[in-house]
Each structure stands twice: as structure tokens, then as C-alpha cells.
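Now for the letters of each chain:
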Amino acid sequence: MTLYHDWNQLLQQNPRELKFSGEKARKQIEEEQGLNNLLFKLKSLNFLEVSQTPISVFPEHVGNLDNLTNLVLRDNKLASLPSGIGKLTKLKFIDVSNNNLESLHDTIGNLHELQSLLLSVNKLKNLPDSMKNLSNLTIIKIEYNQLDEFPEVLCNENLKTHLAEIHAKHNEIKNISKSISNLAALKVLDLTENKVTEVPGELGDCTKLKEISLKGNKLVDRKLLKLVDQGKMKQILDYIRINCLKSNDKNGHDGGKETFHEAKARMQEARRRRRSASRSSLEEREAMMETVNILGVKQGDHRLVVATPAILENRKIVCCIVRNVDFTRAGILKKFLALQTDIHDGLLCGKRKNATIATHDLDKISGNINFDQRPPSKIRLHPLGRHGEMSAAELYRALNDEAEAYRKEKKRNAYSGVHKYLLLLKGKQRYPCLTDSSGVVISFPPITNSENTKISDTTKNLFLEVTGENQPTCKKVMDALIHGMLKAEIGEPKTDDHGGLKPSHLDIEPVRVVDPEGKLYVVYPSKVDLLFDDMRVLREHNHE
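Residues numbered from 1 in each chain as written. Predicted model: local features only at pLDDT ≥ 70, side-chain atom pairs only at ≥ 80, totals over all residues. Heavy atoms only, no water.

A. Quick look at the overall build of the protein chain. For the protein chain, the count of helices and strands is 10 helices and 23 strands. When the 544 residues of the protein chain are sorted by exposure, 45% land in the buried category. Contacts spanning at least 24 positions in sequence make up 57% of the contacts within the protein chain whose residues lie at least 6 apart. (Helix = DSSP H or I, 4+ residues; strand = E, 2+ residues; numbered from the N terminus. Buried < 20%, exposed > 50% of the residue type's maximum accessible area, 1.4 Å probe, protein only. Contact = heavy atoms within 4.5 Å.)

B. Focus on the pattern of salt bridges. Counted according to the given criterion, the structure contains 15 salt bridges. With its nearest N and O atoms 4.0 Å apart, the salt bridge here joins Arg74 to Asp75. Residue classification places Arg74 among the partly exposed positions, given a relative accessible area of 29%. Its salt-bridge partner being Lys460, residue Glu492 comes within 3.7 Å of it at the nearest N-O pair. Of this pair, Glu492 sits in the loop between helix 10 (471-487) and strand 21 (505-514) while Lys460 is found in the loop between strand 19 (448-449) and strand 20 (462-468), placing the two residues 32 residues apart along the sequence. According to the relative accessible area criterion, Glu492 is partly exposed, its value standing at 35%. Residue classification places Lys460 among the partly exposed residues on the basis of a relative accessible area of 35%. The network of salt bridges with shared partners includes Glu49, Arg74, Asp75 and Asp95. (Salt bridge = Lys/Arg side-chain N within 4 Å of Asp/Glu carboxyl O.)

C. How the structure looks around the pairing of strand 17 (residues 431-436). Burial of strand 17 is extensive: six of the six residues sit out of reach of the surface. Residue alternation in strand 17 divides its side chains into two sets, Tyr431, Cys433 and Thr435 and Pro432, Leu434 and Asp436, and both sets are buried. By the bridge criterion, six bridges tie strand 14 (residues 369-374) to strand 17 in an arrangement that is antiparallel. Note that in strand 17 the partner of Phe371 across the bridge is Leu434. Where strand 17 lies against strand 18 (residues 441-444), two bridges are found, and the strand directions are antiparallel. Paired with Thr435 across the strands is Val441, a residue of strand 18. Hairpin connection between strand 17 and strand 18: a loop of four residues separates the two successive antiparallel strands, and Gly439 in this loop has a positive phi of roughly 90 degrees. (Pairing = 2+ DSSP bridges.)

D. A look at the packing of aromatic side chains. Tallied over the entire structure, the rule returns four aromatic pairs. With centroids separated by 6.0 Å and ring planes inclined at 90 degrees, the aromatic side chains of Phe40 and Phe58 adopt a geometry described as edge-to-face. Residue Phe40 is found in the loop between helix 2 (22-32) and strand 2 (47-51), and its partner Phe58 is found in the loop between strand 2 and strand 3 (70-72); the two are separated by 18 residues along the sequence. (Phe/Tyr/Trp six-rings, centres within 6.5 Å; stacked < 30°, edge-to-face > 60°.)

E. Inspection of the side chain of Ser130 at higher detail. Position of Ser130 among the secondary structure elements: in the loop between strand 5 (116-118) and strand 6 (139-141). Setting aside its immediate chain neighbours within four residues, Ser130 contacts Asp106, Ile108 and Gly109.

F. Structural view of the packing of helix 8 (residues 332-345) against helix 10. In the contact formed by helix 8 and helix 10, the axes pass within 10 Å of each other and the chain directions differ by 150 degrees. The handedness of the crossing between helix 8 and helix 10 is right-handed. Mapping the contact onto sequence places Phe336, Leu339, Gln340 and Ile343 in helix 8 and Val477, Ala480, Leu481, Gly484 and Met485 in helix 10. Tallied by class, residues from the contact of helix 8 with helix 10 come to seven nonpolar, two polar and no charged. (Axes fitted to C-alpha atoms, helices over the stretch in contact; angles between N-to-C directions. Left-handed = near helix turned anticlockwise from the far one by under 90°. Nonpolar A, V, L, I, M, F, W, Y, C, P; charged D, E, K, R; others polar.)

G. Seen up close, unusual backbone geometry. The omega torsion across Pro445 and Pro446 is 5 degrees, close enough to zero to call that bond cis. Structurally, the position occupied by Pro446 is in the loop between strand 18 and strand 19. Cis geometry marks the peptide bond from Tyr524 to Pro525; its omega dihedral reads -5 degrees. Locating Pro525 in the fold gives a position in the loop between strand 22 (520-524) and strand 23 (535-539). If you check the backbone angles, Asn98 has positive phi at about 60 degrees while not being a glycine.

H. How the structure looks around the sheet that holds strand 9 (residues 211-213). With respect to topology, nine strands assemble into an open sheet ordered 1-2-3-4-5-6-7-8-9, the strand pairing being parallel. What marks the edges here is a single partner per strand, and that holds for strand 1 (17-21) and strand 9. Neighbour-to-neighbour, the strand axes of this sheet turn through a mean angle of 5 degrees, independent of strand direction. As judged from the three bridges shared by strand 6 and strand 7 (residues 165-167), these two strands associate in the parallel manner. Looking at strand 7, one finds that Ile139 is bridged to Glu165. Against the sheet, helix 2 engages strand 1 and strand 2, with an angle of about 85 degrees to strand 1.

I. The arrangement of the pairing of strand 10 (residues 290-294) in detail. Within strand 10, five of the five residues are buried, which leaves it mostly tucked inside the rest of the structure. Residues Glu290, Val292 and Ile294 point to one face of strand 10 and Thr291 and Asn293 to the other, with burial holding for every one of them. Alignment of strand 10 against strand 21, held across four bridges, turns out to be parallel. Bridging across to strand 21, Asn293 finds its partner in Asp507.

J. Representation of the state of the cysteines. The tally for this structure, following the rule as stated, stands at zero disulfides. With no disulfide of its own, Cys349 lies 8.8 Å from the sulfur of Cys474, the closest cysteine sulfur. Relative accessible area serves as the criterion here: at 0%, Cys349 is assigned to the buried category. (Disulfide = S-S within 2.5 Å.)

K. Structural detail: the environment of Lys27. Position of Lys27 among the secondary structure elements: in helix 2. On a C-alpha basis, the gap between Lys27 and Thr53 in space is 8.9 Å, while along the polypeptide they are 26 residues apart.

L. Molecular detail of the confidence of the model for the protein chain. When pLDDT is averaged along the protein chain, the result is 84, and 85% of the positions lie at 70 or above. In this model, residues 250-256 is a region of pLDDT below 50 whose contacts with residues beyond four sequence positions or in other chains number five contacts. (pLDDT = per-residue confidence, 0-100.)

M. Just the environment of Tyr239, in detail. Note that Tyr239 resides in helix 4 (residues 233-243). Using a relative accessible area of 12% as the deciding quantity, one classes Tyr239 as buried. Considered as a pair, Tyr239 and Lys223 are 16 residues apart in the sequence and their alpha carbons are 8.9 Å apart. If sequence neighbours within four positions are ignored, Tyr239 has contacts with Asp221, Lys223, Leu224, Leu227 and Cys244.

N. Structural detail: the packing of helix 3 (residues 222-230) against helix 4. It is at 9 Å that the axes of helix 3 and helix 4 come closest, and there the two elements cross at 160 degrees. By the angle between their directions, the pair helix 3 and helix 4 is classed as roughly antiparallel. With respect to the hand of their crossing, helix 3 and helix 4 are arranged in left-handed fashion. On the side of helix 3, the interface is formed by Lys223, Leu224, Leu227 and Val228, while helix 4 contributes Gln235, Ile236, Tyr239 and Ile240. (Parallel < 35°, antiparallel > 145°, perpendicular 65-115°, else oblique.)

Pasting the structure below:
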């Protein structure tokens, strides 16, 4: 909802979301000489955005909006944040990027529910110690500020459970805190374009770390610098874990004077011990790793998706088959469906704008599959969860009507379920669809699957499809889906020689996408897919 001049009318509407942005907002601020105090009587608000305005001071009254969960104040002229922000104890998301902030008030430490804090493009030189209380903080972005030291407060043990991403590129940071080893959940560390010269071995203790960016730093370790320039993520992390010294390696002698050769010998021995321990632990980890087994397929037995050139100009596709799944165990099917929803709502799929997942019971599909685009009236399917067959045009109209009714009922510009994806098809003359060899429509991306191929607790083999704007994105989404399935133990359980359960596994059969003449477009999984550090990939021989 956008702000109106009639504030009293707005108060009566009890809005949950309010956006005040751009040229109209600027003019209204000038007319009213700041933000109208009636704004801070909208106690029903859980989302407030005030952006792209000339405002330099935000009122203390913001503390009255105690139901806020999301506060967006980006692209303004704010020099500070009010202490009243500490009263917003339900806040989960704050974006104050692109302002003139030089410091943060200590009361920010009161926001115990805060998960995402976006502070990029400001003038911050440090972060307050009170931030150690943000025990639910998951993502912090502090790029393009004036930090000259790695914020020690971010390495506090209180943050170790959830803090997964630290984005701090384009600062003046000279070091990486050795206390970073506290961050057990850290997955992403971006220190691009800083002044880091050495990387502490303690960073290798962050076992979940998958992405580290150190480009643009003057690293004294030339081999590490070369790996960083090449962008070889796994090699960078392995090198740090094996070769970068920890503080106890540097200071763990008796305090007397060391000769150069003694110091060199001590460091070499420390590296040797770490390499030996690393090899031993790697062998143990591999024995306990989840496994993806890529099945060999005899020549001519590949399941094919035949995609027309017309559809491939607008939408790409990647597919594969998962054999021997087991949905009979309690909660597994529900977990699988939740996994798809999480990936759809995440950054990769971008709420289906970038890519869409569809899953089918393979044994309900006849022969090979055709991927094409048709006029909406020419696509007839039995949509998932609907009572009968209808055209894509009829389904689109029905969903639109439902979305409008929901919007009126809730009195907000929000949609639930599949309705929020309708805009992705608005104005299009032809819709994508997948049909099997009998002509049955099994999928209408990005909206729905067919009831005909719906998976259930009796499903043993899956056909997975990902369609989207480009092939690399489709592959990344499929990688994420299979990785999540492996962790969710979707595969049929196997026992070892002693009757114990083996680590989770999946049997994947590659699927080829070809054009109508049979020319190969893509095969998944290929040798460059499913490259994860926490699982093994075994490949059977292809009989071709």
C-alpha cells in the first residue's frame, strides 16, 4: 500500500503493509516538513518502507510500531537511527542500506528476533558491542563502509548458531578475527576488495563454510593468492585448512628466542600434522558421506525430453530421474514437498521467476516427453488439487478470480500459494507445457503439475523437471533439489553388513533434452553437476 495524503482515512484502514517511496514521497515530506506523526499511530503495521526520500532524521516515535517485523529505510539521507528502534522487538528484517550512517545505537542489541541486517553503502567504522545479543542473526551485509577491522562482535559465541552469511566487501579491513572459528553456521564470507594480508588457520574450523571471496586483497601467501584469483572455491578452502597457520602454531613455543630455521621447522611440522590429520579425517568423512549414484544407461535407453526451438528461445529445461525412493516412512513425503517450497521461495528460484520445479511419479508417465508452447486454450490438463480437467486459459482465469477474492478478504496486496505466480504469465500469448507420448499434459510451468502424475506414498520412481530463464540456473536449482533430497533421506534405506543403516543415498538416472531432430541440447547430471563437498558422487559405466 502506498501512502495517501488523507492520514485519518489510512488510520481507519488499519493497513499491515505501508510503502512510502520515490518522488511522491519526497514531495509529501517537503509539504509536511517531515514524516507525519500519524504514521506512527498505525499500530497494525508489520511492514514499513520509507525509501528514496531526503529524510535525514527518523523520528523516535518509530518505537510505537511494536508489531513491525520488516523495516526498510534504504536510499535516504539518514545520519543515524533513532534509539527507539530498540523497542521494535518483533523485527526480523532491517534494510538501511545506502544512507549516511556513521554508527548504530546500542539499542539495536535489543532486537533478539532479528535475522537479516542490511547496512551496505554507509559510513560505518565499527559495530556496537550490543550486537552480540542478536542470537538469531543469519545474514549481515556491511559492504561499502569504512570498517578497518573485522568486527569482533560478529564472532561472539552468541551468534554461532545462526550467523551464516557475512558480506563485507569494499571496506578497509586488514585482518580476519581468529575468533571466527566460533561461527559454526558460517557458510558465506565475502571480503572482496579489502586490505587483508594473512588468513588465519582458524577460518578452516568453520566446517560449513562453502563460499569465501578474498579477491582484491594483498595476500602475502602467493599460492593462496593464485587460488583466489582463479576462483577455485574448494581448493581455496582446502588450502586454508591445511596450510594457513593458527595462532597457537605461531605462538605455541616456550617463549624463548627462536632462530629462523627453528621457526621454519616448527611451522613445517605444524603443516605436516594438519595435512596428516586432514587426510585421515577426509577418509573417515567419505566413509560416512551421503552418496549419489549416477546410473549407467544402455545405448538407446535414455529417457528423452524433446524440446522445440520455439520454447527453448523463451524457457530452458533440465530433467532427471530418481529411482528407488521411499515415501512410506512417516513424514518423508511432507519433508520432500516442503523442500520444493523452500527452494522456490529462495534466491535461486526467486519465487519461480528464475526457475520452477515440478516433480512427477515416473511410472504414471508414458514414453518420452515433449516440451513446447501453445495458446492457453489449446492446453488441457487436470491441475494438481483441482476436481477436473480444464484449459490453461480457464485455470488462469479461475486463479485470477481466487486471487482477487483473497486480496479483498485480507484487504492487502498479497496473494497465497500459486496465485502469486500469475504475473509471470500476464500478457503472454503462448504458455509452456510438457506432455507425455500419449498426449497427456503433465506440467504447466510455472503454475502447476498435473493430477495425473501426482506423487504419493506409493511412488517408487520420480521424474524431476526444472524449467527457467537460463540453463545454468536450472542446473543449480536441480543440484539444490537433489542435495536437499539426499539430506532428507528420500532414497530407499540400505543396511550394511552388520545390519546398521548406511548413510543416505540416491540413484539418479540421467535424462537427455534433444531437439526434434535428435540433436543433444543438455544432459543432466553431467560430470560438472552435483559438485558438493559434503557428498560422494559415484558414476556407473554408460554402455554407449
